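Summary of structural features
This is what each chain is made of:
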Amino acid sequence: MASHEIAPTGLHEVGSKRLFMWVWFWLLILTGIETLLAYLRLEPHTMLVLLVGLSLIKSALIVAYFMHLRFEKIGLFLIIVPTLVFCLAMILIFVFPDSVRIVNMHTIRLH
Amino acid sequence: MAEIDIDAIAGPAWGGGVAPFATNTKKLGMWLFLLSDSLTFSSAILAYAYVRLASTNWPRPFEFYPAVVNATFLTLILLSSSLTMVLAVAAAHRGEVRKAVMFIVFTAVGGAAFVALHLMEWFRLFAEGVTPWSNKFSVAGKPADPLFGGTFFGLTGLHMLHVSIGIIYLTIIAIGFGRRKFNADHVEVSGLYWHFVDLVWMFIFPMVYLMSVNLGTRGF
């Protein structure tokens, strides 16, 4: 492999150390809130909604700032995020409801 | 009628040399790999949620201490390693080789600590009789669903495999960048992989650990 000169590229000098520290700080805070929710032992449905919401916020922070997607061209975002959302929506719509049907079948059999 | 020069019209658009995403091929390739890998993990997490919902006797084996506290600590380690990785990428783009290599090494050490602590958690579960095929828990007096072990070890094992591969990847990048064999783009692409591993854990941690906290007598 050819040897490369390590020169300042300046191409992706996006975000400052201060910004990354802030993002990290907020990720820690959100993690602390999640753990607190587990300690409080809320109702499972409430907990699931809150945890999924917090996880989505955390993942958005990681993708936007740590993975620099916020600073990329919109085209890159458009080939990645909508594709993933579409595939997940397909799984959730066509596969997931079946799990509830199975648990109802269990319940019927028990009675 | 005047003749239309097709080449003159199509040339600029199809002649190459255009970067529609304003990025290099390494980074675009990594993003596309991560897209496919995120579908792998999504399927695994949804499969876990599916069998859990479909089960009437799913166990909640994790006490707040030590299991959830340990998992929270694992999360803090991964988040901190992501911070050092992003600082490594910034240093690499500024041409600060020593600083970039130092931050990559910190990241890899964080990953190694994560794997070590997670393996300790696994061995603790093995000692409690939880294996990928069986467990000794009971729910309302009935044996708990044996699928718990299969899905738990399958999901966390797949993630741990990614972390382990990431450690090897980062070690290679640190050595190559330190010897000027790799450039800042290589560091940035390895950073994408590492942040993805961190991102996946942001879903495994609440779905697997926090949603499985032992609720004691409340019996949800």
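Residues numbered from 1 in each chain as written. Chains lettered and ligands numbered in written order. Predicted model: local features only at pLDDT ≥ 70, side-chain atom pairs only at ≥ 80, totals over all residues.

Counting secondary structure elements, chain A contains four helices and zero strands. Overall, chain A shows an N-to-C arrangement of helices and strands of α-α-α-α. Looking at the 111 residues of chain A, the share that counts as buried comes to 18%. (Helix = DSSP H or I, 4+ residues; strand = E, 2+ residues; numbered from the N terminus. Buried ≥ 20, exposed ≤ 12 C-beta atoms within 10 Å, placed from the backbone.)

Looking now at the overall build of chain B. When you go through chain B residue by residue, the secondary structure sums to six helices and two strands. Per-residue burial over chain B gives 42% buried out of 220 residues. Excluding contacts between residues fewer than 6 apart, the proportion of contacts in chain B whose partners are at least 24 apart in sequence is 77%. (Contact = placed C-beta atoms within 7 Å.)

A few words on the interface of chain A and chain B. Of the residues lining the interface, 51 residues belong to chain A; the matching set on chain B comes to 48 residues. Going through the elements one at a time, helix H1 (17-40), helix H2 (44-66), helix H3 (74-94) and helix H4 (97-110) of chain A are the ones with two or more residues in the side of chain A that touches chain B. Examining the composition of the side of chain A that touches chain B, we find that eleven residues originate from one element, H1(A), more than from any other.

Turning our eyes to something else, we now look at the nonpolar core. B:Ala88, B:Ala100, B:Ile104, B:Val187 and B:Ile204 are the most contacted members of the largest nonpolar core, which has 74 residues in total. Mapped by element, the contributors of at least two residues to this core are H1 and H2 of chain A together with helix H2 (25-54), helix H3 (64-93), helix H4 (97-127), helix H5 (147-178) and helix H6 (184-209) of chain B. Ranked by residues supplied to this core, first place goes to H6(B) with 18 residues. Leaving out residues up to four positions away in the same chain, B:Ala100 has contacts with B:Ala88, B:Ala91, B:Ala92, B:Phe177 and B:Val187. (Core = buried A, V, L, I, M, F, W, Y, C linked by C-beta atoms within 7 Å.)

Residues and elements named next belong to chain B. Between the first and last C-alpha of H4 there are 45 Å, a value that for 31 residues agrees with the 45 Å anticipated at 1.5 Å per step. For H4, the complete set of buried residues consists of Ala-100, Val-101, Phe-103, Ile-104, Thr-107, Ala-108, Gly-110, Gly-111, Phe-114 and His-118. In this structure, the buried side of H4 is in contact with H3, H5 and H6. Downstream of H4 by a residue or two, Gly-129 has a phi angle that is positive, lying close to 90°. (Expected span 1.5 Å × (residues − 1).)

Okay, unusual backbone geometry next. Looking along the chain, the bond that leaves B:Tyr65 and enters B:Pro66 is cis, with omega of 10°. Relative to the helices and strands, B:Pro66 resides in helix H3. The phi angle at A:Arg41 is positive, at roughly 55°, despite the residue not being glycine. Inspection of the secondary structure assignment puts A:Arg41 in the loop between H1 and H2. The phi dihedral of B:Arg180 is positive, around 65°, even though this residue is not glycine.

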